[in-house]
Amino acid sequence: MNPRRKKRLLITSSLILGLSLAMGLTLFALQQNIDLFYTPNEILKGKNETGVKPEIGQRLRVGGMVLTGSVKRDPDSLKVSFDLVDNKAGQVTVFFDGILPDLFREGQGIVAQGTLKSINSIEAFEVLAKHDEEYMPPEVADAVKGMPTLTTEP
Amino acid sequence: MAFTSFSDFLAMGGYSFYVWLAYGVSLLSVITLISHSVLTRKKIFKQVAQRLQREKRIKAANNREHNL
Amino acid sequence: MLKWLHPYAKAEHSYALAGKLMPWFLILTIPSFLVGIVWGLAFAPADYQQGDSFRIIYIHVPAAMMAMAAYSTMAIAAFVGLVWQVRLAEMAVAATAPIGAVYTFIALFTGAAWGKPMWGAWWVWDARLTSELILLFVYMGIIALYNAFSDKVLAGRAASILTLVGVINLPIIHFSVVWWNTLHQGATITKFEQPSIATEMLIPLLMMIFSFATFLGFMILYRFRNELLQREQHRAWVVKLVQAKQRG
C-alpha cells in the first residue's frame, strides 16, 4: 500500500471510529430517555439504573403484563381498569376510557401512556399492546402453552 | 389453504384494510423504483443520440462551408 | 492491482459484466417471489394471537432486513471507493441508495399498517421505529447530497463519506429492541437460538427474504449500469452502444 493510500485509510477509519464513539457516548448518556416506558416495579421503587422515581402528576408510559382476573369493565361506558405486573413483584393499576387494541387480553404485555395519579395508579389516555416475537398457528399454540386461544374478555 | 373461499381470502380475517394497504403501497413503491430506473436508462440513451445527431449536423454544415 | 487494465476498458467491462449477471438475479427473484407471496398470503396458517394481520410480516421483515443489507453493501463500497479511489465503487454507492430508501420506506409503512391493528397505534416513538426512520433520512441525505454536486467525482466522494458516517445507525437499529424498552418485539429469526416461528410460516418468509435480496442485487446492477452510462456518455464505448441500439 502506498503512503497516500495508507493516509486515506487512516483518515477514513479514524473518522468512523470517532463518530461511533461520539454516538455511543451520546446514547449512553440518553439511555433512560430512550426507554419507551417504566415497568411497574420502576414506578414503585425507581428506575433500575438511576433509582429515579416518577412524581405524581407526571406524564409517563408504563409497560407490563395485564394481571389475569384484574380487568374490570364499566357496563355502561368504555371505562376499564386493570392491573399491570412485571417479573419483579411490581403492581400498578391503570384506568382507561377508550377503545382497547385487538391484542389486549389478560396475560398480554401492554404499554399505557398517561399521568401518574397516585403512587401506584395511572390515568391512561392511550393503551398499546405489545406482542412477543413468536409466531405460530393456533393449534400449535394450544399444544405448546395449553391455553385457550383468542379468549375474548367477558 | 388457510381460507375456505376467495371472499374469505380477501377479508383477511377482518384485517383486509391493513393487509391490502401494506401490500398495495409496497407494490406501488417497487413499481415506482423500477419505472424510475428504466426511464433514466432511456433518457441517457436519448441524450447521447441527440448529441450525436447535433454533432453530425455541425460537421455537415462545416463541410458545406468548405465546399463553397 | 488493476493498473494494467486500461481505465476506460474497465468501465466498459463492468457494464458488460453487470449486464451478464442481471438475468440470473431476475431468474432467482421471480419464482421465489411468486411462491413466497402466494404461500404467505393464502397457505400459511394464521397466527394464534394476531390472526391474518400477521401476514404483513412477509413484506415487512424482508424489506427491513434488506434495507440494512443494502446499507452494509453501500458502506463497504464507500470504504473501498474512498481508500483505494475506485470510481466504480462510488458509483455503486449512488446506485444502491435509492433502492435502500424504497426498502426502508416499505418497512416503515408496512410496520405502521401492522402496528395500527395490533399495537393500537400507527406510530410510536420507540427506539426501533425511530432508528429505522433515521435510516430513511440517512438514505435521503445520501441521495440528495449526490445529486447536489454537478461534478460527479466530488459527488461520489461526498456521498461515500456520508454513507460511512451513517453506518453507526445499523447496530443501533438491530440492537435497539435489546438495549431499550421498546414496543417493538425482539428478533424472530436473526437470533442465535432457534427461530421462534412455526416452520410452515418460516419457509415462505425465508423465500420472500431471498427474493427481496436477489431483487436488490438486480436493481443495484441495473442502476449501476445507468450510473456508468451517465458518467461515461462521452466515451467511445457508450457512443458505440447508442449507435448499435439505433440501428437495431
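Here's what I pulled together on the structure shown here. (Residues numbered from 1 in each chain as written. Chains lettered and ligands numbered in written order. Predicted model: local features only at pLDDT ≥ 70, side-chain atom pairs only at ≥ 80, totals over all residues. Heavy atoms only, no water.)

## What to know about the side chain of Ser14 of chain C
Stage number 1. Take Ser14 of chain C: it is sitting in helix 1 (residues 7–43).
Stage number 2. Among residues more than four places away in sequence, those in contact with Ser14 of chain C are Leu88, Phe224 and Leu228 of chain C. (Helix = DSSP H or I, 4+ residues; strand = E, 2+ residues; numbered from the N terminus. Contact = heavy atoms within 4.5 Å.)

## Remarks on the pattern of salt bridges
Stage number 1. For the structure shown, the criterion picks out five salt bridges over all chains.
Stage number 2. Glu123 of chain A is paired through a salt bridge with Lys117 of chain A; the nearest N and O atoms lie 3.5 Å apart.
Stage number 3. With a closest N to O distance of 3.4 Å, Glu232 of chain C and Arg87 of chain C form a salt bridge. Within this pair, whereas Glu232 of chain C is found in the loop between helix 7 (199–231) and helix 8 (236–247), its partner Arg87 of chain C is found in helix 3 (residues 87–118), the two being separated by 145 residues in sequence. (Salt bridge = Lys/Arg side-chain N within 4 Å of Asp/Glu carboxyl O.)

## Overview of unusual backbone geometry
Stage number 1. With phi around 50°, Met12 of chain B is a residue other than glycine that occupies positive phi space.
Stage number 2. On the secondary structure map, Met12 of chain B appears in the loop between helix 1 (6–11) and helix 2 (16–67).
Stage number 3. Residue Met12 of chain B is classed as buried on the basis of its relative accessible area of 0%.
Stage number 4. Backbone geometry places Gln85 of chain C, a non-glycine residue, at a positive phi of 50°.
Stage number 5. With respect to the helices, strands and loops of the structure, Gln85 of chain C is situated in the loop between helix 2 (57–83) and helix 3.
Stage number 6. A residue is classified by how much of its surface remains accessible, and Gln85 of chain C, at 41% relative accessible area, is partly exposed. (Buried < 20%, exposed > 50% of the residue type's maximum accessible area, 1.4 Å probe, protein only.)

## Regarding the interface of chain C and chain B
Stage number 1. The partner chain B presents 33 residues to the 43 residues of chain C that form the contact.
Stage number 2. Taking both partners together, chain C and chain B bury about 3400 Å²; carbon and sulfur atoms supply 73% of that area.
Stage number 3. Applying the counting criterion to the chain C and chain B interface returns zero salt bridges.
Stage number 4. Our enumeration of links across chain C and chain B arrives at nine residue pairs in polar contact (both at pLDDT 80 or more).
Stage number 5. For the side of chain C that touches chain B, the elements supplying multiple residues, two or more each, are helix 1, helix 2, helix 3, helix 7 and helix 8 of chain C.
Stage number 6. Tallying contributions element by element places helix 3 of chain C first for the side of chain C that touches chain B, with eleven residues.
Stage number 7. Residues belonging to the side of chain C that touches chain B are distributed by class as follows: 28 nonpolar, nine polar and six charged. (Buried area = accessible area lost by both parts, 1.4 Å probe. Polar contact = N/O pair within 3.5 Å; in protein donor to acceptor, adjacent residues only side chain to side chain. Nonpolar A, V, L, I, M, F, W, Y, C, P; charged D, E, K, R; others polar.)

## Structural notes on helix 3 of chain C
All names here are of chain C.
Stage number 1. Given a rise of 1.5 Å per residue, 32 residues ought to cover 46 Å, and the 47 Å separating the end C-alpha atoms of helix 3 matches this to within 8%.
Stage number 2. The largest bend along helix 3 measures about 30° and falls at Thr96, with the proline Pro98 one to four residues further on.
Stage number 3. Counting buried positions along helix 3 gives 28 out of 32 residues, so the element sits mostly inside the fold.
Stage number 4. Where helix 3 terminates, the next one or two residues include Gly120, which has phi positive at roughly 105°. (Expected span 1.5 Å × (residues − 1). Bend = angle between axes of the 7 residues up to and from the residue.)

## Remarks on a nonpolar patch on the surface
Stage number 1. Taken together, the side chains of Leu15 and Leu19 of chain A together with Ile161 of chain C make up a nonpolar region of the molecular surface, amounting to roughly 210 Å² of accessible area.
Stage number 2. Looking at where Ile161 of chain C falls in the secondary structure, it is placed in helix 5 (residues 152–166). (Patch = residues over 30% accessible without salt bridge, like charges linked within 9 Å, V, L, I, M, F, W, Y side chains within 5 Å. Areas by Shrake-Rupley, 256 points an atom, 1.4 Å probe, with all protein chains shown as cover.)

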